[in-house]
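# Chain and residue survey
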Amino acid sequence: EADIYQTPRYLVIGTGKKITLECSQTMGHDKMYWYQQDPGMELHLIHYSYGVNSTEKGDLSSESTVSRIRTEHFPLTLESARPSHTSQYLCASSESGRDYGYTFGSGTRLTVV
Amino acid sequence: SQQGEEDPQALSIQEGENATMNCSYKTSINNLQWYRQNSGRGLVHLILIRSNEREKHSGRLRVTLDTSKKSSSLLITASRAADTASYFCATLIKGHKLIFGTGTRLQVFP
């Protein structure tokens, strides 16, 4: 039922490669987020956006970058992947206002070898 | 943890029993939310309770919030095998950032 889509679902890539994780939502939400989650661990906010051309870094330092050129699209890019980037990356969106829950995508599980 | 702890870390019960999970947090909040995550997939929003509310119900879920103790609990009544998942509390702070707890892994045996 999710209206937020992440691709690819799984990605295994070599060290040094540039990768882009895609996230798109069809709900017209202004706010979008990227979280990083290691297996069995809590989620850490790494990037967020409150609208087009708005991006901010989250609480966990990340070497990734994001862009928000269109409301529905919030891709995350790693210029040079390293094994330490191996993790699950979860994209989410929410309506403006404080009393709305987040809608999450299914995640991208990234393995850098 | 960046915001709080959940207790217990893992819980195993039989179908039909109730499951209670607790969450503590550190800073003042706008609201507190509970999410479920199945087997490493994305999270599903379950219920939201505002900082001025003390209790909220949704189907078999009951959430309480005690802002004086900075704690919340999630009760799942009459649990089912399909309730097996990880459950996370999350607090909305500074009006815009949702910070997650460490999670409770719930296993419900048929």
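Located above this text is the structure these notes cover.
Residues numbered from 1 in each chain as written. Chains lettered and ligands numbered in written order. Predicted model: local features only at pLDDT ≥ 70, side-chain atom pairs only at ≥ 80, totals over all residues. Heavy atoms only, no water.

### Let's talk about the overall build of chain A
When its secondary structure is counted, chain A shows zero helices and eleven strands. Beginning at the N terminus, the succession of helices and strands in chain A can be written as β-β-β-β-β-β-β-β-β-β-β. Over its C-alpha atoms, taken along the principal directions, chain A stretches across nearly 40 × 30 × 25 Å. Counting across all 113 residues of chain A, residues that qualify as buried make up 45%. Summed over its atoms, the accessible surface of chain A is roughly 5,400 Å², and 51% of this surface lies on carbon and sulfur atoms. Distance between charge centres in chain A, computed from 10 positive and 13 negative side chains, equals 7 Å. (Helix = DSSP H or I, 4+ residues; strand = E, 2+ residues; numbered from the N terminus. Buried < 20%, exposed > 50% of the residue type's maximum accessible area, 1.4 Å probe, protein only. Areas by Shrake-Rupley, 256 points an atom, 1.4 Å probe, with all protein chains shown as cover. Lys, Arg positive; Asp, Glu negative; His and termini not counted. Charge placed at Lys NZ, Arg CZ, Asp CG, Glu CD.)

### Some details on the interface of chain A and chain B
Chain A puts 25 residues into the contact, and the matching count from chain B is 25 residues. Where chain A touches chain B, the interface holds two salt bridges. As a salt-bridge pair, D59 of chain A and K97 of chain B come within 2.8 Å of each other at their nearest N and O atoms. Inspection of the chain A/chain B interface yields six residue pairs in polar contact (both at pLDDT 80 or more). Elements represented by at least two residues in the side of chain A that touches chain B include exactly β4 (31-37), β5 (43-51) and β9 (87-94) of chain A. Residue contributions to the side of chain A that touches chain B peak at five residues, all from β5 of chain A. Looking at side-chain class alone, the side of chain A that touches chain B contains eleven nonpolar, seven polar and seven charged residues. (Contact = heavy atoms within 4.5 Å. Salt bridge = Lys/Arg side-chain N within 4 Å of Asp/Glu carboxyl O. Polar contact = N/O pair within 3.5 Å; in protein donor to acceptor, adjacent residues only side chain to side chain. Nonpolar A, V, L, I, M, F, W, Y, C, P; charged D, E, K, R; others polar.)

### Description of the environment of I99 of chain B
The residue I99 of chain B is located in strand β10 (residues 97-100) in this model. Once the C-alpha coordinates of I99 of chain B and L11 of chain B are considered, the two residues, 88 residues apart in sequence, prove to be 22 Å apart.

### Topic: the sheet that holds strand β1 (residues 4-7) of chain A
Residues and elements named next belong to chain A. Taking strand neighbours across the sheet as the criterion, the four strands line up as β1-β3-β8-β7 in an open arrangement whose pairing is antiparallel. Two strands close off the open sheet at either side, each with one partner strand: β1 and β7 (65-66). Where β1 and strand β3 (residues 19-25) come together, four bridges link them in antiparallel fashion. Residue pairing in the sheet places I4 in a bridge with Q25 of β3. (Pairing = 2+ DSSP bridges.)

### Some details on the nonpolar core
If you look at the biggest cluster of nonpolar residues, it comprises 22 residues, and the most contacted ones within it are M21, L32, W34, L74, I76, Y87 and L106 of chain B. At the level of elements, β3 (19-25), β4 (31-37), β5 (43-50), β7 (61-66), β8 (71-76), β9 (85-93) and β11 (104-109) of chain B are the ones that each hand at least two residues to this core. Counting residues in hydrophobic clusters, the runner-up holds 18 residues, among them L11, M32, I46 and L110 of chain A. (Core = buried A, V, L, I, M, F, W, Y, C linked by side-chain atoms within 4.5 Å.)

### Section: the state of the cysteines
Residue and element names in this part refer to chain A. Considering all chains together, one arrives at two disulfides over all chains under this definition. At a sulfur-sulfur separation of 1.9 Å, the disulfide partner of C23 is C91. Residues C23 and C91 are joined through a disulfide that is left-handed, its torsion about the S-S bond being -75°. Here C23 is found in strand β3, whereas its partner C91 is found in strand β9, with 68 residues between them in sequence. Exposure class is identical for C23 and C91. Each is buried. (Disulfide = S-S within 2.5 Å.)

### Some points on the environment of N22 of chain B
Residue and element names in this part refer to chain B. Considering the arrangement of structural elements, one finds N22 in strand β3. Taking relative accessible area as the criterion, N22 reaches 32% and is therefore assigned partly exposed. Remark: the alpha-carbon pair of N22 and R105, spanning 83 residues in sequence, is separated by 12 Å. Contacts of N22, omitting those with residues within four sequence positions, involve E5, E6, D7, W34, S72 and S73.

### Re the packing of aromatic side chains
As enumerated under the stated definition, the model contains eight aromatic pairs over all chains in all. Taking the centre distance of 4.2 Å and the plane angle of 15° together, the rings of Y33 of chain A and Y102 of chain A count as stacked. Separated by 69 residues along the polypeptide, Y33 of chain A in strand β4 and Y102 of chain A in the loop between β9 and β10 (103-104) bring together distant segments of the chain. Grouping residues by exposure puts Y33 of chain A and Y102 of chain A together as buried. Measuring from centroid to centroid gives 5.3 Å for Y48 of chain A and Y50 of chain A, while their planes differ by 45°, and the two rings are tilted. Looking at Y48 of chain A, the relative accessible area reads 9%, which means it is buried. Of the residues examined, Y50 of chain A reaches a relative accessible area of 32% and is grouped as partly exposed. The rings of Y33, Y35, Y102 and F104 of chain A together with Y35 and F100 of chain B are connected pair by pair, giving a single aromatic cluster. Seen from the ring of Y10 of chain A, R9 of chain A lies directly overhead, with NZ or CZ sitting 5.0 Å from the centre. Just above the ring of Y50 of chain A sits the side chain of K31 of chain A; from NZ or CZ to the centre is 5.1 Å. (Phe/Tyr/Trp six-rings, centres within 6.5 Å; stacked < 30°, edge-to-face > 60°. Lys NZ or Arg CZ within 6 Å of the ring centre and 35° of its normal.)

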